[in-house]
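Each chain, letter by letter, is given below.
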There are 2 protein chains.
Amino acid sequence: MLALTCGREPRLIGDHPPPERRRGEARLGLRLAGVCDTDLQLARGYMGFQGVLGHEFVADVVEADDATWVGRRVVADINAGCGACRECVENAGHHCARRTVLGILGRDGALAEEFVVPERCLVAVPDSVPDDCAVFAEPLAAAAHVLDELGSAEPAAIVLGDGKLGQLIARALVAAGVKVTLVGHHTEKLALAAAAGATTRLEAEIERETQVTDLVVEATGSASGLARALALVRPRGKVVLKTTVAGRLEVDFAPVVIHEVSIVGSRCGNMKRAIELLCHGAVDPRPLIAARYPLARADQALQHAARPGTLKVLVEGTPR
Amino acid sequence: MLALTCGREPRLIGDHPPPERRRGEARLGLRLAGVCDTDLQLARGYMGFQGVLGHEFVADVVEADDATWVGRRVVADINAGCGACRECVENAGHHCARRTVLGILGRDGALAEEFVVPERCLVAVPDSVPDDCAVFAEPLAAAAHVLDELGSAEPAAIVLGDGKLGQLIARALVAAGVKVTLVGHHTEKLALAAAAGATTRLEAEIERETQVTDLVVEATGSASGLARALALVRPRGKVVLKTTVAGRLEVDFAPVVIHEVSIVGSRCGNMKRAIELLCHGAVDPRPLIAARYPLARADQALQHAARPGTLKVLVEGTPR
């Protein structure tokens, strides 16, 4: 089958062996996948991942132990925990030490004709949510995970970064009634966020502002983004880091201590919450679609997604 | 009067003008002061402070608007907020943008025969607390502030750093029933912490351990300390930063995001809580006293405190 793999470099393979479905797993046929910055990092060697790329998708269930899943349109939690440890029992298994993560860690991903996912990770997609929206469920879940960091009073937040993730975070926060200011470099992207209900500012406009909000979400992944976030946050406030792109950054921690600021890492979210946001139309991510490629040109989709400033690039499977 | 000032370099002045007491302030006569690493930093130019050093003290009230204070033995919250802003009304004013901080920011400190402090900052010292304990109230308050970061279940913590602050943090946590492991380099200092009820480990013993606790307190102020803290903390756990000594550090933020760790700055604490801890004997900081100097040799006290590995150096005023 067709699959976009990540070995020493990303490679589109025409005769990749189809996945073996083990007990408890569902075999899925790809309808639509999204390319994420993490895919670009993995393709450059991040985490040493070798296998099929892709973790943002909507797919059809082709085969499953539980026959009621077969034929249904689904998304899935990409984290598959062991199911037995405390982390799995008490939480969602997102931090299970033995987890696999679809297309990222120990499990082939979704940029293929077919792939397998544990049945317990599946989330059904209602008919009211088109593929073009459902394919955003995974990054939207991660974006909406920021809501778990909100204080109770006067919800307001500044989101730094007008790229794919910043846009989804702004939308998830707006949908929850949070007063959002999205800060970016690109007027056309800020216009997209404004149309979705966010206040927008060019970065140059806020350069001298300090201690203006209790919650700043860093979605640029740059050293200057984190420094800006630490400048903008009020004493005892919170800076939520949403990207692993950052890697090693130099930070002046003296103000972090003096102002008693929290820096909080935030990764994956709840897929059901994402589907609910899409289902009720609270978030419409479709203006973020930049391009579409068939699976047979998935390598070109990756190249396109790597161009600076590109929003979401989609890869189309073959709906059954 | 005698005062140890911080200008271009620390200077002991014999004829420093006595402080002017303004309305709402109390004039205090020094009994005993402590030298803190922050004093050493200020003496090297940190924060550009110019004035009398010193913010750890126990003193006698010489003069005050409220005559009931006169003659009482006191410590004080070193942060003097404006008293009017939201931060002052709702919190302790520790983050008031217009605050002064005794011996650190906009207000002459305690390493002098006399100094002034707002009356609303004063905390009376019960007779049961000797000067040698009361002089630790300010750093102990900062140490006990870590308790505000504790989760509810199974309280346990690792404290990195066997210096003055790490020792007090370990004691404050032990007094609160937290299972504390203090990690350091010096067997004799670890023995002090063990005598106070902490489990102790040499840093070399924990080098390969990862994700072992939900709360790590970083009190070394070093880049390696923060990296070690991030290695030791469990997913979704918290690293509390307790020192401003650190300054600029390079950190790999990818694991912070992947494991959804929080890095939380923590500064000053509640002085009444510190006095209660000292009053009930829950914490006895006296084994941490390394040396005593009269105020007339306060410059030598500062030099002594700057020697690597020195615990608490005290400076004696003239009790009335």
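The coordinates are above.
Residues numbered from 1 in each chain as written. Chains lettered and ligands numbered in written order. Predicted model: local features only at pLDDT ≥ 70, side-chain atom pairs only at ≥ 80, totals over all residues. Heavy atoms only, no water.

### Focus: the pairing of strand S1 (residues 3-6) of chain A
Residues and elements named next belong to chain A. Side chains Ala3 and Thr5 project from S1 onto one buried face, and the interleaved Leu4 and Cys6 project onto a second face that is buried too. Hairpin connection from S1 to strand S2 (residues 10-13): 3 residues lie between these consecutive antiparallel strands. As defined by bridge partners, S1 adjoins strand S4 (residues 51-52) across 2 bridges and the pair is classed as antiparallel. From the neighbouring strand, cysteine 6 faces S4, where its bridge partner is glycine 51. (Buried < 20%, exposed > 50% of the residue type's maximum accessible area, 1.4 Å probe, protein only. Helix = DSSP H or I, 4+ residues; strand = E, 2+ residues; numbered from the N terminus. Pairing = 2+ DSSP bridges.)

### Observations concerning the packing of helix H4 (residues 137-144) of chain B against helix H9 (residues 271-279) of chain B
Residues and elements named next belong to chain B. Running from amino to carboxyl end, H4 crosses H9 at an angle of 105°, the nearest separation of the two axes being 8 Å. Classified by the interaxial angle, the pair formed by H4 and H9 is roughly perpendicular. Contact residues: Ala137, Glu138, Leu140, Ala141 and Ala144 in H4; Met271, Arg273, Ala274, Ile275, Leu277 and Leu278 in H9. Classifying every residue of the contact of H4 with H9 gives 9 nonpolar, no polar and 2 charged. (Axes fitted to C-alpha atoms, helices over the stretch in contact; angles between N-to-C directions. Parallel < 35°, antiparallel > 145°, perpendicular 65-115°, else oblique. Contact = heavy atoms within 4.5 Å. Nonpolar A, V, L, I, M, F, W, Y, C, P; charged D, E, K, R; others polar.)

### Looking at the pattern of salt bridges
Residue and element names in this part refer to chain A. Under the criterion given, the structure shown has 48 salt bridges over all chains. A salt bridge links aspartate 148 to arginine 273, with the shortest nitrogen-to-oxygen separation between them at 3.2 Å. Linking aspartate 148 in the loop between helix H4 (137-144) and strand S12 (156-160) with arginine 273 in helix H9 (residues 271-279), this pair joins segments that are 125 residues apart in sequence. Among the salt bridges present, the one from glutamate 149 reaches lysine 238, with a minimum N-O distance of 3.0 Å. (Salt bridge = Lys/Arg side-chain N within 4 Å of Asp/Glu carboxyl O.)

### Here we look at the environment of B:Gly29
If you trace the backbone, B:Gly29 turns up in strand S3 (residues 25-34). The spatial distance from the C-alpha of B:Gly29 to the C-alpha of B:Glu113 is 5.8 Å, given a sequence separation of 84 residues.

### A closer look at the packing of aromatic side chains
Residue and element names in this part refer to chain B. Enumeration according to the criterion identifies 2 aromatic pairs over all chains in this entry. Ring geometry for phenylalanine 57 versus phenylalanine 115: centroids 4.8 Å apart, planes at 80°, classification edge-to-face. Placement of phenylalanine 57 in strand S5 (residues 56-64) and of phenylalanine 115 in strand S10 (residues 114-118) is noted, with a sequence separation of 58 residues between them. Phenylalanine 115 matches phenylalanine 57 in its accessibility class, with the two residues each being buried. (Phe/Tyr/Trp six-rings, centres within 6.5 Å; stacked < 30°, edge-to-face > 60°.)

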